[in-house]
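Examination of the molecular architecture
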Amino acid sequence: MAASFKPIRPLLQTGTNAASRWFSYIGLGIGVLLLLSAVQMYINLQQLLHTSPVRKNGFDYLSITRQVTNENMGQKDKLFFSAAEIDDLKKQPFITDAAPLEANQFQVELSAGNLLPFSTNLFLESIDDAFLDTLPAGFTWQEGQTRIPIIVSSDFLEIFNVFGPSYGLPQVSAETASGIPVVITCHGDGNLEQDFQGQIVAFSDRINSVLVPQSFLQWANLHFKGKQAERASRVYIKTSDANNPDLLRYLDLHAYKVNKDKTKFGRVKQVFEGIFSGLAVFGILVVVLALLLFSFYLQLVIARSRDSLRLLLTLGYSPRWLSSHVSRRFIPVYFFIIIAALAAVQVMQWAFHTQVMYNRPELQTMVHVAVIALAMVLVLLSAWANFRLVDRLIKKETGHRS
Amino acid sequence: MQLSIRSLLPTYFEQSRTADSEIWGKDLVFSPGQLVKIVAPSGTGKSSLINFLYGMRNDYNGQIQYDGQELRALSLEKLALLRQSAISVVFQDLRLFPEQTVRQNLEIKRQLQPYHPAEKIEEMAARLGIASRLDTLAGRCSYGEQQRTAIIRALLQPFNLLLLDEPFSHLDNKNTSKAIELILEEAASRKACVLLADLERIDIYPFTQLYHL
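Overview of the structure. Quick caveat, the model's predicted, so the values are computed rather than measured.

1. Overview of the overall build of chain A
Each helix and strand counted, chain A has 12 helices and 11 strands in total. Relative to its full complement of 402 residues, chain A shows a buried share of 47%. Long-range pairs, those at least 24 residues apart, make up 77% of the contacts in chain A between residues at least 6 apart in sequence. If you sum the accessible surface of chain A, you get close to 20300 Å²; carbon and sulfur atoms cover 60% of it.

2. With respect to a nonpolar patch on the surface
Taken together, F282, L285, L289, L292 and F296 of chain A make up a surface patch of nonpolar side chains, about 520 Å² in accessible area. With respect to the element layout, F296 of chain A can be found in helix α8 (residues 260-304).

3. Quick notes on the sheet that holds strand β8 (residues 193-198) of chain B
Residues and elements named next belong to chain B. Strands sit in the order β6-β7-β8-β3-β9 across an open sheet of 5 strands; the sheet is parallel. Both edges of this open sheet fall to β6 (87-90) and β9 (209-212), since each of them pairs with a single strand only. For this sheet, the mean inter-axis angle between neighbouring strands, taken without regard to orientation, is 15°. When β6 meets strand β7 (residues 161-165), the two strands line up parallel, connected through 4 bridges. By the bridge assignment, V90 is partnered in β7 with L164. Running over the sheet, helix α2 (residues 46-53) touches β3 (35-39), β6, β7 and β8 and is turned about 155° from β7.

4. Comments concerning unusual backbone geometry
Here N359 of chain A, not a glycine, exhibits a phi torsion of approximately 55°, which is positive. Following the sequence through the fold, N359 of chain A ends up in the loop between α11 (331-356) and α12 (369-398). Despite not being glycine, E166 of chain B has its phi angle at roughly 45°, a positive value. Along the chain, E166 of chain B falls in the loop between β7 and α7 (173-190). Given a relative accessible area of 10%, E166 of chain B falls into the buried group.

5. Some remarks on the side chain of Q157 of chain B
Residue and element names in this part refer to chain B. Structurally, the position occupied by Q157 is in the loop between α6 (143-155) and β7. Judged by relative accessible area, which is 1%, Q157 ranks as buried. Looking at Q157, its side chain comes within polar contact range of the main-chain oxygen of Q84, at 3.1 Å. Looking at Q157, its side chain comes within polar contact range of the main-chain oxygen of I87, at 3.4 Å. Ignoring anything within four residues of it in the chain, the contact list for Q157 reads R83, Q84, S85, A86, I87, S88, K109, Q113, Y115 and R190.

6. A look at the pairing of strand β1 (residues 60-66) of chain A
Residue and element names in this part refer to chain A. Of all 7 residues in β1, 6 are buried, a share of seventy percent or more. Note: β1 against strand β10 (residues 234-239), 6 bridges, orientation antiparallel. When the bridges of β10 are listed, S63 appears paired with Y236.

7. Examining the packing of helix α4 (residues 102-110) of chain B against α6 of chain B
Relative placement of two packed helices is described by the angle separating their axes and the distance separating the axes. Residue and element names in this part refer to chain B. Where α4 meets α6, the axes come as close as 9 Å, and the angle between the chain directions of the two elements is 25°. Classified by the interaxial angle, the pair formed by α4 and α6 is roughly parallel. Both α4 and α6 take part in a crossing whose hand is right-handed. Residue-level inspection shows V102, N105, L106 and K109 of α4 in contact with α6, the latter providing T149, I152 and R153.

8. Quick word on the sheet that holds strand β5 (residues 69-70) of chain B
All names here are of chain B. Pairing is antiparallel across the open sheet formed by 4 strands, whose spatial order is β2-β1-β4-β5. Looking at the sheet topology across the chains shown, the edges are occupied by β2 (27-30) and β5. In this structure, strand β1 (residues 3-10) lies alongside β2, joined through 4 bridges in antiparallel fashion. In the sheet register, R6 faces β2, and the bridge partner there is D27.

9. Side note on the nonpolar core
Judged by nonpolar contacts, the single largest core of 48 residues is most densely connected at I8, L312, Y317 and L322 of chain A. If you list the elements that add at least two residues to this core, you get α1 (18-49), α8, α9 (306-315), α10 (319-328), α11 and α12 of chain A. Apart from residues lying up to four places away in sequence, L322 of chain A is in contact with I8, L309, L312, L313, Y317 and I394 of chain A. Ranked by size, the runner-up nonpolar core spans 36 residues in total, among them L8, M56, L71 and I87 of chain B.

10. Considerations on α6 of chain B
Residue and element names in this part refer to chain B. Its 13 residues give α6 an end-to-end C-alpha distance of 19 Å, which sits within 8% of 18 Å, the value for a rise of 1.5 Å per residue. In terms of burial, α6 is largely enclosed, as 12 of its 13 residues are buried. For α6, the complete set of buried residues consists of G144, E145, Q146, Q147, R148, T149, A150, I151, I152, R153, A154 and L155.

11. Here's the deal with the interface of chain A and chain B
Many descriptions give the size of an interface as the accessible area lost when the pieces come together. Contact with chain A, which involves 22 residues of that partner, is made by 25 residues of chain B. Roughly 2100 Å² of surface becomes buried between chain A and chain B when both sides are summed, with 59% attributable to carbon and sulfur atoms. Linking chain A with chain B are 0 salt bridges, by the criterion used here. Counting across the interface, chain A meets chain B through 9 residue pairs in polar contact (both at pLDDT 80 or more). Secondary structure elements with two or more residues in the side of chain A that touches chain B: α9 and α10 of chain A. Each residue belonging to the side of chain A that touches chain B can be placed in one class, and the counts come to 12 nonpolar, 7 polar and 3 charged.

Definitions and cut-offs
- All residue numbers here refer to positions counted from 1 along the written sequence of the relevant chain.
- Ligands are numbered from 1 and chains lettered from A, in the order in which they are written.
- Note on the predicted model: pLDDT of at least 70 is required for a residue's local features to be given, and 80 or more for side-chain atom pairs to be given and counted; whole-chain, interface and lining totals, by contrast, use all residues.
- Derived side-chain values reflect all non-hydrogen atoms in the structure, with water molecules and hydrogen atoms excluded from consideration.
- Only DSSP runs of H or I covering at least 4 residues are called helices, and only runs of E covering at least 2 are called strands; the numbering of each starts at the N terminus.
- Accessibility here uses a 1.4 Å probe with only protein chains present; expressed as a share of the type maximum, an area under 20% marks a residue as buried, one over 50% as exposed, and anything in between as partly exposed.
- Contacts are residue-level and defined by heavy atoms, with any inter-residue pair within 4.5 Å sufficient.
- Each accessible area is a Shrake-Rupley estimate made with a 1.4 Å probe; only the visible protein chains count as cover when residues are assessed.
- Note that patches include only residues with greater than 30% relative accessible area and no salt bridge, and the join distances are 9 Å for like charges and 5 Å for nonpolar side chains (Val, Leu, Ile, Met, Phe, Trp, Tyr).
- A carboxyl oxygen of Asp or Glu within 4 Å of a side-chain nitrogen of Lys or Arg is what we treat as a salt bridge.
- Whether two strands pair depends on DSSP finding at least two bridges between them.
- Every angle, taken between N-to-C directions, lies between 0 and 180 degrees, and every axis is a line fitted to C-alpha atoms, over only the stretch in contact when it is a helix.
- Definition of a polar contact: a pair of N or O atoms within 3.5 Å, with one able to donate and the other able to accept a hydrogen when the atoms are protein atoms, and with sequence-neighbouring residues admitted only if both atoms are side-chain atoms.
- Angle categories are assigned with fixed cut-offs, so that under 35 degrees is roughly parallel, over 145 is roughly antiparallel, 65 to 115 is roughly perpendicular, and the rest are oblique.
- Two helices crossing with the near one rotated counterclockwise from the far one by less than a right angle form a left-handed crossing, whereas a clockwise rotation gives a right-handed crossing.
- We call a set of buried Ala, Val, Leu, Ile, Met, Phe, Trp, Tyr and Cys residues a nonpolar core when their side-chain atoms join them within 4.5 Å.
- Expected helix span is computed as 1.5 Å times (number of residues minus one).
- Values labelled buried area give the accessible surface lost by two parts on being combined, using a 1.4 Å probe and summing over both.
- When residues are grouped by polarity, Ala, Val, Leu, Ile, Met, Phe, Trp, Tyr, Cys and Pro land in nonpolar, Asp, Glu, Lys and Arg in charged, and all others, Gly among them, in polar.

This is the structure we're talking about:
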């Protein structure tokens, strides 16, 4: 049907109830603005907090422990991780891998031999090599070997250099420390005792411990104490995003304690995600209310134009043609309102990026393509909702057969 | 296009009404080119019949079929198409847009299926004596002028069946003759069937079939 809508237009009483129409336009604008800006800020947040400062090969490694409280003190079941719990960690979609830190079951003493008057009780731990940030080629051990390669937390060297001078000990560099031969004495059941030559082969920024090869610790636990480490008090997890709110929720749910520094952005992210989600829901609500208000206006227009619409149908105008042309009249207004809201979000994004975030490289000055797509979807959705409403109203107001 | 009616009777008429009527309750076929006159005194259901045949009302028993298609079963879109291109009507109550000019009223109909060019409006209006009223609001025209407007409007579209419900009730004999002449010309050019329902008084309509409602 190639008829023109121009001669039909004066038959519709669109001038009626203009206040309700304008309120709905304003409401729609505010709602869309809220929704689009919430989505844009949500995306900004993802871009800003997706990467944490300490990352290697694209993953974060977090050490988790049980929270020690007055209630669970001394209860091994409540303070150690069971194999089932470690398996459950591995199953989570936001955790790539998990490995326990196994500890020595026997007594260990470390001394610097004759070089420095230094001796201390010590602990040794081992972990799957895949979790080490530095893995020198020499970090291996075979039965019969008296030399034990050791990886020490770089924090320990720092601490030694802080308190060393107070005890008349010299400060040492990482290279020097690596060259110092230390004696590791292992004490077993009875009078079983054996000295090993320890050598620091690397410093770890990731794992806060004294690490030896897994093969040594497993042998030594069996040799000196007759049993393997049964449970671990610390587990390392490998995750692609330490700030993932799902991960934080999981850790909170199981009361696992985690290094707060590494997840503090995640906590902030959780709060902001909540705020922006709330804002988006509020925006959707305002959009729905605005469309509802507009539907009242349309109902009134169609009710007042009922006689003309009936006569048009009687003359042979198709209901669908009338619905699409009546509803199409409002598409330019919808389009303009939504584009204006998108432009306002663009200005806000520009100001946020350049004035508030000082051109941080993680962010873009342009609004995200998802926000533009959402704006287009809203235009189509409004047009569709309008068409359906007008179609229904025309059929209802004019009766089925007239 | 062929119109057939079978056992047609308004739901609010008693079955006994079929005894005296040549239309109600009968099986009839109306074919292209026929000039049908239905004589219908007041109260016999003349306007109801026109409304049923035009698909405006469904409160009847029996069947109305166009080329074998049940009218009642047509979708709103198909019914609209039928009204645009196959069935035209002049209602007794005229049904014009009072706030539109005569020309606008005619153009609204013509643009749906432009069987005639826009200039034809002027020509037809001149033949029926309302050329000077084309730019007057329809609501300000006399009943006679409005009736002639409604007749011209019905003739601006393609049709196979033209339904006329007391189309000359506000016209004098001279204007009635002019209108009948124009209607017959237009119907002949389309080889259409004309179904005129009126009171007894029109004798100058050259019917080929006569029925008493």
